[in-house]
Amino acid sequence: MNAEAEGCAAATLFRREHRLGVQPLGDLIAIIEQATGIDVAVLDAGPDEHGLTMRDPKRNTMFIGVARSRRPIRQRSTLAHELGHVQFGDWADADAGDLSARSPAEIRADAFARHLLLPSDGLRDFLGDREQAATRSTLSVVVQRFLVSPAVAAIALHQGGYINATTKTEWMALSTPQLAVRFGWIDQYHALQADSDKRRAPQRLLARATKGYVEGVLPVQAIANLRGIAAEAAEAELREAGVVPVDRPIAWADPAELPEVPIDLAALDEDLSAPDDPPDRTIETDAR
């Protein structure tokens, strides 16, 4: 298989194994965490950093991190791309060389991401069989429904026989905001931007921290740090949800419940019966 075919097959298998069907995927972070058990976080990062995957081979645990972004569609593609690396076991080592090069593994992860986010069967179910060529309005509804970039949608439309190669190349140069403004869903796009530009802690880690707070072994500041908000805001939100530390009263012992300790008073009686010490003697020194 080539990289495209491998990526498509792996994406199809992932959807089938996790009963995702061919419909658009909603919250991709929640889907990854629930389906795979991998911790996912949205982090503060530099402008040129998009995503990474880390693996602890000793514990066989994995972590996916993506950067906060005002480009929600790219963030979704990054998440799907990193999941592709996990599915194929693409673990870089010290001799990996230039990680930014478009290696076969990178191309394969791109293909996995495209087919995961926009499966061909899902596109066919959505658009059906059309005698007329697709228009930019068609491109817009595909981008909006599946939350993919115009480039990903254009490739899928071409592979599905809806547009020719020339139109594909033309549409791949378009941006999501352009389509959102032109076809009236810019408010939805702004809502997506606000969501993708927030820090987000791994769900399992945050759940464990919350349990620690309830048990009284973790301060609320720890939860605030995980979420990137003020401690006061975190505490107010927890309190409003009825999540408060458990009040554990100190269990004082009842004297009647204390064990009996045998006491031997014979030694004390002997001391009390002993004669008083003799008077002190004055020691004279002969001063010469």
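Residues numbered from 1 in each chain as written. Predicted model: local features only at pLDDT ≥ 70, side-chain atom pairs only at ≥ 80, totals over all residues. Heavy atoms only, no water.

Along the chain, the position of Glu33 falls in helix α2 (residues 28-36). It is Arg200 that comes nearest to the buried, bridge-free Glu33 among opposite-charge side chains, at 5.3 Å. Within the local environment of Glu33, its side chain forms a polar contact with the backbone nitrogen of Val40, the two atoms lying 3.2 Å apart. In this structure, Glu33 is in contact with Ile38, Asp39, Val40, Pro202 and Gln203, ignoring residues within four places of it in sequence. (Helix = DSSP H or I, 4+ residues; strand = E, 2+ residues; numbered from the N terminus. Buried < 20%, exposed > 50% of the residue type's maximum accessible area, 1.4 Å probe, protein only. Lys, Arg positive; Asp, Glu negative; His and termini not counted. Salt bridge = Lys/Arg side-chain N within 4 Å of Asp/Glu carboxyl O. Polar contact = N/O pair within 3.5 Å; in protein donor to acceptor, adjacent residues only side chain to side chain. Contact = heavy atoms within 4.5 Å.)

On to the sheet that holds strand β3 (residues 61-67), then. Ordered in space as β1-β3-β2, the three strands form an open sheet in which the pairing is mixed. Sheet topology places β1 (39-43) and β2 (51-56) at the edges, where each strand pairs with a single neighbour. For this sheet, the mean angle separating the axes of adjacent strands, direction not counted, is 20 degrees. Here β2 pairs with β3 via six bridges, running antiparallel. (Pairing = 2+ DSSP bridges. Axes fitted to C-alpha atoms, helices over the stretch in contact; angles between N-to-C directions.)

So, about the side chain of Ser69. With respect to the helices and strands, the residue Ser69 is situated in the loop between β3 and α3 (72-88). Apart from residues no more than four positions distant in its own chain, Ser69 is found in contact with Gln75, Gln193, Ser196 and Asp197.

Running from N to C, helix α1 (residues 3-17) and helix α4 (residues 104-117) cross one another at 45 degrees; their axes reach a closest spacing of 7 Å. It follows from the interaxial angle that α1 and α4 lie oblique. In this structure, α1 crosses over α4, and the sense of that crossing is right-handed. Contacts between α1 and α4 involve Ala3, Glu4, Glu6, Gly7, Cys8, Ala10, Ala11, Phe14 and Arg15 from the former and Pro104, Ile107, Arg108, Ala111, Phe112, Arg114, His115, Leu116 and Leu117 from the latter. (Parallel < 35°, antiparallel > 145°, perpendicular 65-115°, else oblique. Left-handed = near helix turned anticlockwise from the far one by under 90°.)

Moving on: the packing of helix α12 (residues 220-227) against helix α13 (residues 231-240). Here α12 crosses α13 at 105 degrees, and the two axes come no closer than 8 Å. The orientation of α12 relative to α13 falls into the category roughly perpendicular. Of the residues in α13, those touching α12 at Val220, Gln221, Ile223, Ala224 and Arg227 are Ala231, Ala234, Glu235, Glu237 and Leu238. Of the residues belonging to the contact of α12 with α13, the class tally is six nonpolar, one polar and three charged. (Nonpolar A, V, L, I, M, F, W, Y, C, P; charged D, E, K, R; others polar.)

The buried fraction of β1 is high, at four of five residues. In this structure, β1 lies alongside β3, joined through five bridges in parallel fashion. Across the sheet, the residue bridging to Leu43 is Ala67, located in β3.

Moving on to the pattern of salt bridges. A full pass over the atoms with the stated rule returns eleven salt bridges. A salt bridge links Asp90 to Arg108; the nearest nitrogen and oxygen atoms lie 2.8 Å apart. With Asp90 in the loop between α3 and α4 and Arg108 in helix α4, the pair connects residues that are 18 residues apart, well separated along the chain. Side by side, Asp90 and Arg108 carry an identical accessibility label, which is buried. Two residues, Arg124 and Asp129, come together in a salt bridge whose shortest N-O distance is 3.2 Å. Among the residues examined, Asp129 registers a relative accessible area of 71% and is labelled exposed. Through salt bridges with shared partners, one network takes in Asp44, Arg68, Asp197 and Arg199.

That is the geometry; function is a separate question.
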